[in-house]
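These are the residues of each chain, in order.
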Amino acid sequence: MQRLRDLAISDTGFVFDPFSGATYTVNDTARCVLDGLKRGLHRDELVALLADRFETSGEDLSRDLDDLVHSLRLFGLVPGAFEVV
Amino acid sequence: MVAPLVVAVTGLNATDNPGPGVGVIRSLLHARDPGLRVVGLAYDAMEPGVYADGLVDDVFLIPYPSQGVEPLRERLAYIRRRVGFNVVIPTLDAELPAFVDLAPELAAQGVGTLLPTREQLDLRCKAKLAALGAQGLPVPASRVLTDVAGLYTIHEAFPYPIVVKGPYYGAKVAHTLDEAVHAFHAMAAQWGFPVIVQQFVAGQELCVLAVGDGRGGLVGAVQMRKTVITDKGKGWAGVAIRDEGLDALTATFMKASRWRGPCELEVIRDAAGGYHVLEVNPRFPAWCFLSAGAGMNLPFAVAELAAGRAPAALADYRVGTMFVRIALDQITDMAPFSSMSTAGEIVRSEGASR
Amino acid sequence: MSRPLYERPVIARHQTGAMNKFSRAASMQPQTHVDGVPVDTLVEAYGSPLFVFSEKTLVARYRELRDAFARRFAKVRVTWSYKTNYLDAICRVFHREGAWAEVVSEFEWEKARHNGVPGERIHLNGPLKTEATLRRVLPEGTLVHIDNFDELALLERLADELNLTPKVALRVNLAVESIPAWGRFGFNLENGQAITAANRIVAGKRLELIGLHCHLGTFILDPASYREQATKLAHLANELRRAHGLVLSFLDIGGGFASHSKLKAQYLPGDQATPSFDRYAAACAEGLAALEYPAGKEPTIVLESGRALVDDAGTLISTVLANKRLADGQRGLVVDAGVNILFTSFWYDHDVVPAQPFGGIAEPTVMYGPLCMNIDVVRDSVMFPPMRTGDRVVFRHVGAYNVTQWMQFITYRPAVLMIGADGRHGIIRKREELETLLASEEVPAWL
Ligand SMILES: Cc1ncc(COP(=O)(O)O)c(C=O)c1O
């Protein structure tokens with residue numbers, strides 16, 4: 001998870017990966033999840049974090065989390081076998 | 001006191017096939033007009049002109065023309081509120097229809113333009129160039145084809161080699177029918193119909209940057225011969241020349257089209273001294289800084305006309321002035337790029353003059 | 001302080017050439033209503049997917065077309081091109097406005113008659129004119145546009161047998177710069193076939209040649225194509241007048257005007273690329289200035305615009321079934337309307353927007369229909385905001401050719417609705433159900 005910890009994330013959602021040189025944009029919820037992942041939070045903690053910070057209305061947060069993690073794997077920001085547990 | 005010019009300019013994609021924006025802006029700055037401010041309009045956060053030192057005061061991303069007029073209208077309104085501007089100079093072919101359509105609204109808001117009409121834009125498009133031939137402009141013999149069968153009789157109209165062109169971009173020289181058929185299908189597959197087949201003319205490549213007054217007259221024109229040409233066929237260096245034949249041809253085009261604003265005529269002068277107009281581009285060329293450097297600053301004249309100012313009488317340009325393009329690495333840190341990619345803007349002026 | 005609204009978390013990678021968040025998605029507005037009626041109300045009442053036609057737009061487009069030509073020509077006839085959309089309700093809106101009918105089969109002719117159009121107000125086009133069809137329509141005075149020499153011979157024989165002098169027009173194909181010729185229909189102008197056919201009709205004396213017709217193609221974006229076409233038709237008419245003293249009663253310039261949809265190969269969208277009816281009409285007028293007819297004898301200009309009249313009036317409401325993340329990272333959205341009902345998505349990039357307020361980062365998104373076939377893509381990659389299952393999307397400018405070319409495949413075809421000019425709405429074609437399909441099936445006795 002070193003790649004993830006090395007990411008520079010600005011308040012505006014601009015993300016720089018010093019390893020690959022790639023840059024990204026994240027929205028506030030994704031920024032929140034990235035912070036949580038860096039701290040090693042588990043699935044239920046991440047879901048609780050999102051539900052606490054944002055006004056939700058019945059979305060499937062766990063499913064959205066998997067979708068984001070899928071993207072992170074695709075971009076090589078987390079190991080290929082990584083799953084939120 | 002007249003209000004300072006605040007000019008918004010597009011085409012900051014100064015790559016090895018450069019957009020004209022950087023040349024236009026450097027010309028504007030060259031005029032040293034008091035209070036002048038430049039607003040860059042870019043289509044991508046990575047357009048090199050965004051990062052050039054001292055070029056643009058503020059820069060904003062704008063939506064691609066393919067996204068429709070409405071998003072562009074909204075974005076321009078936002079930029080006007082944010083930093084203000086009173087002239088806009090679009091410099092790319094694909095964006096011209098949208099800016100031409102928006103011009104009356106912009107004018108009502110105090111933003112001036114110097115642009116051709118939609119009809120004039122249509123007139124110079126590749127497939128219609130032949131029509132200008134009927135009005136006295138020497139254009140190479142050409143046929144507009146929508147069916148490959150038209151190629152079988154092309155040699156009766158003009159001899160091989162021929163140039164096979166797509167409707168917007170792309171050109172291939174073919175020496176035989178077989179090559180021509182292949183080129184036809186390649187063009188049609190990549191660019192769609194129609195395919196334009198043109199007589200091949202060899203000779204010197206000359207260009208004219210001309211600005212029309214919209215009434216058939218000429219505001220000014222600078223002629224140039226390409227002296228270094230890249231593998232993409234772009235002029236990388238050139239020299240200002242004076243050829244009376246080109247003068248006459250430019251005047252003919254202006255009269256026939258009543259062109260308003262800048263344009264570029266691409267001309268071949270053959271060994272026998274004949275002229276052939278290959279294309280008319282409806283905007284400034286990338287090499288337009290030569291006009292400022294040679295003493296006839298046409299981009300600045302366009303900005304003044306667009307703003308409704310009476311421009312100072314244009315001095316003639318210095319024949320023999322050269323331009324030599326160089327590739328230059330700009331150094332920047334991540335901050336401007338971060339701002340462009342997340343906020344879509346870099347604002348330094350806060351609306352104040354330089 | 002209230003908490004920010006939750007959005008699906010998204011990370012988007014920057015790619016040179018694609019780093020511009022000011023796409024249409026940024027200024028996209030949801031379309032929550034169709035002609036003032038909430039999308040939700042419509043779906044609750046009539047199901048999803050749902051085609052919705054706006055009577056207001058149908059009428060507005062019709063009048064704009066008619067007026068643009070009426071300002072320039074003394075006599076103008078708009079015919080409704082049935083194939084574009086032959087639902088009775090749609091046809092009747094246009095007939096009420098004064099449109100005649102343009103049909104290309106006996107089925108369409110029957111529909112026009114069923115809609116109260118007299119036989120002599122129908123133009124019969126196309127290559128599908130069997131002897132049986134002609135025997136049926138000729139006594140009713142239908143105007144037949146002749147497509148080929150075999151048809152010409154057949155018509156002359158029937159004229160004798162039925163002891164009639166049918167009124168006919170010659171369908172002509174001609175070369176116009178910049179667009180592929182529809183050379184398989186009618187008689188070619190440039191190689192002299194058209195003149196030969198006209199001479200033969202005149203010499204035969206069994207048919208009355210009263211018009212010329214040319215349909216250039218469809219979705220023609222350059223009005224100048226019509227100037228060229230009209231000039232050529234005018235020259236042909238002049239030639240026929242000189243040769244035979246023939247003064248035609250109509251010149252039919254066909255259909256083909258563009259709607260505000262966008263062809264896949266087209267760069268600029270309809271708001272910039274689609275010419276107004278006025279520009280088309282001006283181009284036709286310039287071309288027809290070449291006509292040398294005596295004053296007062298000007299021919300009626302006949303229009304067969306289909307797409308341009310009905311496309312903008314048609315909307316398709318569809319519901320999101322699922323979100324997908326594709327192997328390449330791109331987002332996929334599965335909606336309940338597929339290419340079986342949105343047939344035109346093979347050629348057009350339809351304008352599609354969410355039907356409810358939305359937020360979040362727009363991503364390149366492919367929209368799939370519900371069929372179990374790989375080709376079922378209703379929209380190629382488009383910047384689109386996050387959607388949840390059950391959310392609705394609205395496809396716009398889809399009124400032409402879909403509810404005629406659609407097919408019943410895998411599932412039932414949806415209901416088609418019209419919203420009246422006064423806000424009333426009603427079904428104009430019922431959603432199919434098992435009974436609809438069983439009604440035309442039979443099981444042989446041995447099974
Ligand atoms: C003879 C004829 N007329 C009119 C039309 C209607 O064309 P559009 O919908 O492009 O206006 C067609 C369509 O193919 C046609 O074949």
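If you're wondering where the values come from, they're calculated on a predicted model, not measured in any experiment.

A. Structural context of the overall build of chain A. Looking only at helices and strands, chain A features four helices and three strands. Seen in sequence order, chain A has helices and strands lined up from the N terminus as α-β-β-β-α-α-α. Relative to the 2.2 N^0.38 estimate, which gives 12 Å for 85 residues, the radius of gyration of chain A is 12 Å and therefore close to what a compact globule would have. The dimensions of chain A, computed from C-alpha atoms along their principal axes, are 35 × 30 × 20 Å. Out of the 85 residues belonging to chain A, those deemed buried represent 45%. Counted over contacts in chain A with a minimum sequence separation of 6, partners at least 24 positions apart contribute 36%. With an accessible surface of roughly 4,000 Å², chain A has 51% of that area assigned to carbon and sulfur atoms. For chain A, the distance from the average position of its 9 positive side-chain charges to the average position of its 15 negative side-chain charges is 6 Å.

B. A look at the side chain of Glu59 of chain A. Structurally, Glu59 of chain A is set in the loop between helix H3 (43-53) and helix H4 (61-74). Here Ser57 of chain A takes part through its backbone nitrogen, which lies 2.7 Å from a polar atom of the side chain of Glu59 of chain A. A polar side-chain atom of Glu59 of chain A sits 3.4 Å from a polar atom in the side chain of Arg388 of chain C. Not counting chain neighbours up to four residues away, the residues in contact with Glu59 of chain A comprise Asp64 of chain A together with Tyr6 and Arg388 of chain C.

C. Structural detail: the site of the ligand. Residues and elements named next belong to chain C. For the ligand, the set of nearby residues contains 15 residues, the closest of which are Thr218, Gly256, Glu304, Arg307 and Tyr401. Measuring from a nitrogen atom of the ligand, one finds a side-chain N or O atom of Glu304 at 2.6 Å. Within the backbone of Arg307, an N or O atom sits 2.8 Å from an oxygen atom of the ligand. In the complex, the protein chains occlude 93% of the 400 Å² of accessible area that the ligand would expose alone. A per-class count over the shell around the ligand returns one nonpolar, nine polar and five charged.

D. Quick peek at the domain arrangement of chain B. Per the domain assignment, the segments making up chain B are domain 1 (6-114 + 328-346), domain 2 (141-199) and domain 3 (202-324). Between the C-alpha centres of domain 2 of chain B and domain 3 of chain B there is a distance of 28 Å.

E. Representation of the sheet that holds strand E3 (residues 58-61) of chain B within the structure. Residue and element names in this part refer to chain B. What the five strands build is an open sheet, ordered E4-E1-E2-E3-E15; its pairing is mixed. Two strands close off the open sheet at either side, each with one partner strand: strand E4 (87-89) and strand E15 (345-347). Across the sheet, the axes of successive neighbouring strands diverge by a mean angle of 20 degrees, strand direction being ignored. Of the strand pairs in this sheet, strand E2 (residues 37-42) and E3 are connected by four bridges, and their pairing is parallel.

F. Region of interest: unusual backbone geometry. Here the residue pair Tyr160 of chain B and Pro161 of chain B is connected by a cis peptide bond, since its omega of 0 degrees sits within 30 degrees of zero. Tracing the backbone shows Pro161 of chain B in the loop between helix H6 (154-157) and strand E6 (162-165). Put simply, Ser48 of chain C and Pro49 of chain C share a cis peptide bond, and its omega is -5 degrees. Turning to its location among the elements, Pro49 of chain C is positioned in the loop between helix H2 (39-46) and strand E4 (50-54). Backbone geometry places Arg32 of chain B, a non-glycine residue, at a positive phi of 50 degrees. For Asn163 of chain C, which is not a glycine, the phi torsion comes out positive at approximately 55 degrees. Structurally, Asn163 of chain C is set in the loop between helix H7 (149-162) and strand E9 (167-173). You can call Asn163 of chain C exposed: its relative accessible area is 70%.

What counts, and at which threshold
Residues numbered from 1 in each chain as written. Chains lettered and ligands numbered in written order. Predicted model: local features only at pLDDT ≥ 70, side-chain atom pairs only at ≥ 80, totals over all residues. Heavy atoms only, no water. Helix = DSSP H or I, 4+ residues; strand = E, 2+ residues; numbered from the N terminus. Rg over C-alpha atoms; globule rule 2.2 N^0.38 Å. Buried < 20%, exposed > 50% of the residue type's maximum accessible area, 1.4 Å probe, protein only. Contact = heavy atoms within 4.5 Å. Areas by Shrake-Rupley, 256 points an atom, 1.4 Å probe, with all protein chains shown as cover. Lys, Arg positive; Asp, Glu negative; His and termini not counted. Charge placed at Lys NZ, Arg CZ, Asp CG, Glu CD. Polar contact = N/O pair within 3.5 Å; in protein donor to acceptor, adjacent residues only side chain to side chain. Near = heavy atom within 4 Å. Nonpolar A, V, L, I, M, F, W, Y, C, P; charged D, E, K, R; others polar. Domains from an automatic or database assignment. Pairing = 2+ DSSP bridges. Axes fitted to C-alpha atoms, helices over the stretch in contact; angles between N-to-C directions.

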